[in-house]
Amino acid sequence: MISVERLVVRFPGAARAALNGIDLDVLPGERLAILGASGSGKTTLLRAIAGFVTPVSGRILVDGRVIDTHDAKALRAQRRRIGMIAQSHDMVERLSVERNVLAGKLGAWSAWHALRALVHLTPGERAEAKAILERVGIGDFGRRRTGSLSGGERQRVAIARALAQNPRVVLADEPIASLDEDYARRILELLCRAAEEERVTLVCTLHQPALAHEFFHRVVRLDRGSIGESSPPLHV
Amino acid sequence: MNVLNLAIPVWQTLAMAGAGTLIAVALGAPLAAYIAARAPGARAIYLALGALRAIPDLTLAIFAVVVVGIGPAAGVTALAVFYTAMVGKMFAELLGTVSRPVLESLEATGASKFSVVLFGALPSASTDLLTFGAYAFECAIRASVVVGAVGAGGIGTEIVGSINALDYRRVAVLIAVLVGIVWVVDWFGAQVRRQPLLALAIVPLGVAGLIGSKPVVFAAAHAVKTFAAMWPPVLDARALAALPVAIFETLEIAVVGTGLAALFAIQLGLIAARRFAPAPVAYAVRRVLDVLRSVPEVVVGLILVVAVGIGPLAGALALGIHSAGVLGKLFAESVENVPVAALDALAATGAGSVAIATYGGVPLALGPIVEHTLFRLEWNLRTATVVGMIGAGGIGQALFNSQQTFHYHEMLAYVLITWGFVLSAEALGKRFASTLAP
Amino acid sequence: MHSSRKSFFALAGAGAFAAALPRAASAADTIRVGMIPDAGATQVSIDEKAPLREFLARHMQRLVDLIIPTNYNATVEALGNGSLDFAYLGGLTYLQAHARYGVIPLVQRVSDRAFHSLFITQTDSPLKALADLKGKTFAFGDVNSTSGHLMPYAALQAAGIDADADLKFRYTGSHPATLKAVEAGTVAAGAMDESVYASMMASGQADKNKIRVFYRTPPFLDYVWVARKDLAPSEQFAFATSFLALTEAKNKPILDILRGTKFVRANDGEYNELRRIATKLKML
């Protein structure tokens, strides 16, 4: 589903490459956890897959098609299939929860549709947002202002937004950072169950080896921009 | 002087400013979204907005007369064009301040740049946008004082007429009314900061203003012909020879004016800050600053021309007096934001409040004070060309005179020179700001 | 150039015909009159000018909109695109409007036919003649003013003074401002309209003990009421005859608003001398 081939990423002025020749294949429906310390390149790898980072060399294929950051139109089409859950679960704080969930459909909407949805949501759209929110356990939160939510609640909204996108691939960047272990486990359960149900490929960066091995098919470790040890792939 | 006599110009001023601001926001917001989305040609639009801002208000108003005829419509059009440029530019900058990760997370869904700006940047910056909209309205009220000259009426026309008639009592009353209006609008702006949706109250005012200022004609073909005839810009030998002096005078007006303003503003700002002076004194100085701030430069200039005569000094003083009000308020806020602990340390040495203010307040707030002053200098470089038209000299006067005598080729040349002025002042301001930024 | 006399008779005929037709005043019929307040006139609240508007409305059987711009340039452009039907212009502005947009002169006050500019200075100043002004500071009024700029400029030139080279001059923007600048001593001398000078002296707005006149220009033509080029002749006629019918016995309040005693027909040909001067000085 995802093929990363000899990927090298170097940021301007940086002493060493952020990603230094990464090779990685993720199978359709596989759940892959990436472990690594801060600065090991985990976030950069996810951002490169989503086309936010232009590699120095090497390439990335998603669903057989190359991610080309110079072809804006093709990149947008690729991104529609990739749901992204960012580390700081960046929400538009001033918008309601349901609008933030429906923001997942922004790639499929025209700018006019977006403007209309900003001012007014149809009953159908409301119902859709509610259904997705129910799946992440906060069905009644639709009308709330996103800025007023707690960290864990935001994480659920971020997952709901990714689900609203109907993606083939979900990239989750430390979705359980700053959550206590009990809550972290619930979020991971939610994320993995949704991935299972939707038959979505899930790539997730984590800090906690124990949780990684418990919830994911395969675990790889990133160290200073290179793939270190890797658990054997599981056939799914 | 009966009440109706005042009510009509007050209404004309509010209606003109309201209608102008409404159009400006309606046009400026999509332009800003376009610029913020970095769509093709965004840079060109951004530069064009800057060029529009280089045309003095009154010149714009006369251009508007060529298109929509004399009367309120011309005043509204001039304000709309000028503030569309201002709103477009500022909104684009405000949309640009929205946190990058939030926008990126929306881009990650495959959304177009426009959708991202609409769904992400617009709501995120909405408070700032509405606050700035209210501020633009306040500025438009001051500007309407000038553009009223094209038969749109309003307080400005009344003030000019009363000054020409040497009826200083009426001038004083009219200025008091203007100060009152600006106060109310200022108060309104403060409410908007707390409850941004209040800014929508300008909408009915703007709509009423628009209804009252229907264009008499719409002479599109005539306007195209007239504007095309202004091309190319030409300066004859005499005008070219006078150009260095004119540029120097404009610089002189701006620099001397800003310098004087900063000098007075430091002292007034320290007294006005709720920290050093006794509360009633601070309150009184604050109100004085409000008065200085609410009288537009051009009106100050018109009064000064009578009092101190014509020339760059009158222009510099006009900018200085108005800017002292603006800077005094900003300085007071900067000084108030200085950490209390630092000042307490000085107080512990037994220093008096004047010493604390001088050795503590000023040095600690120096960064913002310098920044505000430089921003004001940039602003005043543009305004120096505007007060030129009331006899202060410089490029502004040359531009105004060539327009008044229908030397439109020459006028266009001065507009372009002013544009160069405004652009370089902006670039200079940005440069200083970036050197100052930590 | 058209012949005023001939067109006036044409106007008269058309007017007589038009007057025979009864007309209802409707909003679409509104006549728009631009009236710039010449210096010294008190601004101009609408109610002050109301009698004039009512008078015109009655005579022309139309709704009249009185627009009071404070800028000549805007007024001329408004005549150019038809957003004003009639306007009151200074001599120089008339020439500019005539050259650009072919406006038609209709009527003027008797006093407009023999205007004078005055050169004023402080009582104790050594200035005696125009030639003494060399190297001095000087104030003109509005750049577009006939009596505050064009004619004084021409008078200086006739006296061998090139204002651009020999004077340090400024534009004050209005006649009263010029007088105040001279009174305050911020300039050595200035040029202004005779009638404004007289009225400021009479009303005490100027200090008799501080100001003296040291030169008076020869007479010249100044203010005039004009119509836009393509306005129906019947309208032009109705407007002109309204003004010509004003008498001090019957219409004192209106004449006071207009600051005149009697109106006469205006004629473009009579502006030729002014036109020659303006062209020579590159103001046209």
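Residues numbered from 1 in each chain as written. Chains lettered and ligands numbered in written order. Predicted model: local features only at pLDDT ≥ 70, side-chain atom pairs only at ≥ 80, totals over all residues. Heavy atoms only, no water.

(A) Geometry of the overall build of chain A. Looking only at helices and strands, chain A features eight helices and 10 strands. On C-alpha atoms alone, chain A measures out to a radius of gyration of 18 Å, which is about the 18 Å that the 2.2 N^0.38 rule sets for 236 residues. With the C-alpha coordinates aligned to their principal axes, the bounding extent of chain A is approximately 50 × 40 × 35 Å. When the 236 residues of chain A are sorted by exposure, 55% land in the buried category. For chain A, the share of sequence-separated contacts (at least 6 apart) that also reach a separation of at least 24 residues comes to 68%. By element, 50% of the accessible surface of chain A is carried by carbon and sulfur atoms, the whole surface being about 10,500 Å². Across chain A, the 34 positively charged side chains and the 27 negatively charged ones have centroids separated by 6 Å. (Helix = DSSP H or I, 4+ residues; strand = E, 2+ residues; numbered from the N terminus. Rg over C-alpha atoms; globule rule 2.2 N^0.38 Å. Buried < 20%, exposed > 50% of the residue type's maximum accessible area, 1.4 Å probe, protein only. Contact = heavy atoms within 4.5 Å. Areas by Shrake-Rupley, 256 points an atom, 1.4 Å probe, with all protein chains shown as cover. Lys, Arg positive; Asp, Glu negative; His and termini not counted. Charge placed at Lys NZ, Arg CZ, Asp CG, Glu CD.)

(B) How the structure looks around the interface of chain B and chain A. Facing the 21 residues of chain B at the interface are 26 residues of chain A. Roughly 2,100 Å² of surface becomes buried between chain B and chain A when both sides are summed, with 65% attributable to carbon and sulfur atoms. Interface area lost by chain B to chain A is led by B:Ala108, B:Thr109 and B:Phe119, which between them contribute 32%. The tally of links from chain B across to chain A stands at one salt bridge. Here B:Glu104 makes a salt bridge to A:Arg47, at a shortest N to O gap of 2.0 Å. Listing elements by their share of the side of chain B that touches chain A, those giving two or more residues are α5 (100-107), α6 (113-124) and α7 (126-147) of chain B. (Buried area = accessible area lost by both parts, 1.4 Å probe. Salt bridge = Lys/Arg side-chain N within 4 Å of Asp/Glu carboxyl O.)

(C) Spatial organisation of the nonpolar core. B:Tyr83, C:Leu133, C:Leu156 and C:Trp225 are the most contacted members of the largest nonpolar core, which totals 204 residues. Setting aside residues no more than four positions away along its own chain, C:Leu133 makes contact with C:Phe119, C:Leu127, C:Phe138, C:Leu156, C:Ile161, C:Asp166, C:Leu167, C:Ala189 and C:Phe214. Core analysis: the next-biggest nonpolar cluster, separate from the first, contains 41 residues, A:Leu190, A:Cys192, A:Ala194 and A:Leu202 among them. (Core = buried A, V, L, I, M, F, W, Y, C linked by side-chain atoms within 4.5 Å.)

(D) The arrangement of the sheet that holds strand β8 (residues 201-206) of chain A in detail. Residue and element names in this part refer to chain A. One open sheet holds the six strands; their spatial order is β6-β7-β8-β3-β9-β10, and the pairing between them is mixed. Single-partner strands in this sheet number two, and they are β6 (82-85) and β10 (226-230). On average, each strand axis in the sheet is tilted by 20° relative to the strand beside it, whichever way the strands run. In the packing of helix α7 (residues 181-198) onto the sheet, the strands contacted are β3 (31-35), β6, β7 (169-173) and β8, and the crossing angle to β8 comes to about 160°. (Pairing = 2+ DSSP bridges. Axes fitted to C-alpha atoms, helices over the stretch in contact; angles between N-to-C directions.)

(E) The arrangement of the interface of chain C and chain B in detail. With 44 residues of chain C in contact, the opposing surface of chain B contributes 46 residues. Both faces combined, the contact of chain C with chain B buries some 3,600 Å², and carbon together with sulfur accounts for 59% of it. C:Asp164 is the salt-bridge partner of B:Arg238, the closest N and O atoms lying 3.9 Å from each other. Along the contact surface separating chain C from chain B lie 12 residue pairs in polar contact (both at pLDDT 80 or more). When residues of the side of chain C that touches chain B are traced back to their parent elements, those giving at least two are α3 (72-80), α4 (91-101), β7 (168-171) and α7 (175-183) of chain C. (Polar contact = N/O pair within 3.5 Å; in protein donor to acceptor, adjacent residues only side chain to side chain.)

(F) Helix α11 (residues 220-230) of chain B, seen in detail. All names here are of chain B. Taken together, the buried positions of α11 are occupied by His222, Ala223, Thr226 and Met230. Seen from one end, α11 has its buried residues packed into an arc of 100°, which puts them on one side. Those residues of α11 that are exposed and aimed more than 90 degrees away from the buried face are Ala221, Val224 and Lys225. (Arc of directions from axis to C-beta.)

(G) Geometry of the packing of aromatic side chains. The final tally for this structure, using the stated rule, is 25 aromatic pairs over all chains. Aromatic pair B:Phe406 and B:Tyr408: ring centres 5.9 Å apart, planes at 50°, arrangement tilted. Like B:Phe406, the residue B:Tyr408 is buried in the burial classification. Taken together, a centroid distance of 5.2 Å and an interplanar angle of 75° make the contact between C:Phe140 and C:Phe169 edge-to-face. Linking C:Phe140 in strand β6 (residues 137-140) with C:Phe169 in strand β7, this pair joins segments that are 29 residues apart in sequence. Above the plane of the ring of A:Phe52 lies A:Arg79, whose end atom (NZ or CZ) is 4.0 Å from the centre. The positively charged end of B:Arg287 is found above the aromatic ring belonging to B:Tyr283, 4.7 Å away from the centroid. (Phe/Tyr/Trp six-rings, centres within 6.5 Å; stacked < 30°, edge-to-face > 60°. Lys NZ or Arg CZ within 6 Å of the ring centre and 35° of its normal.)

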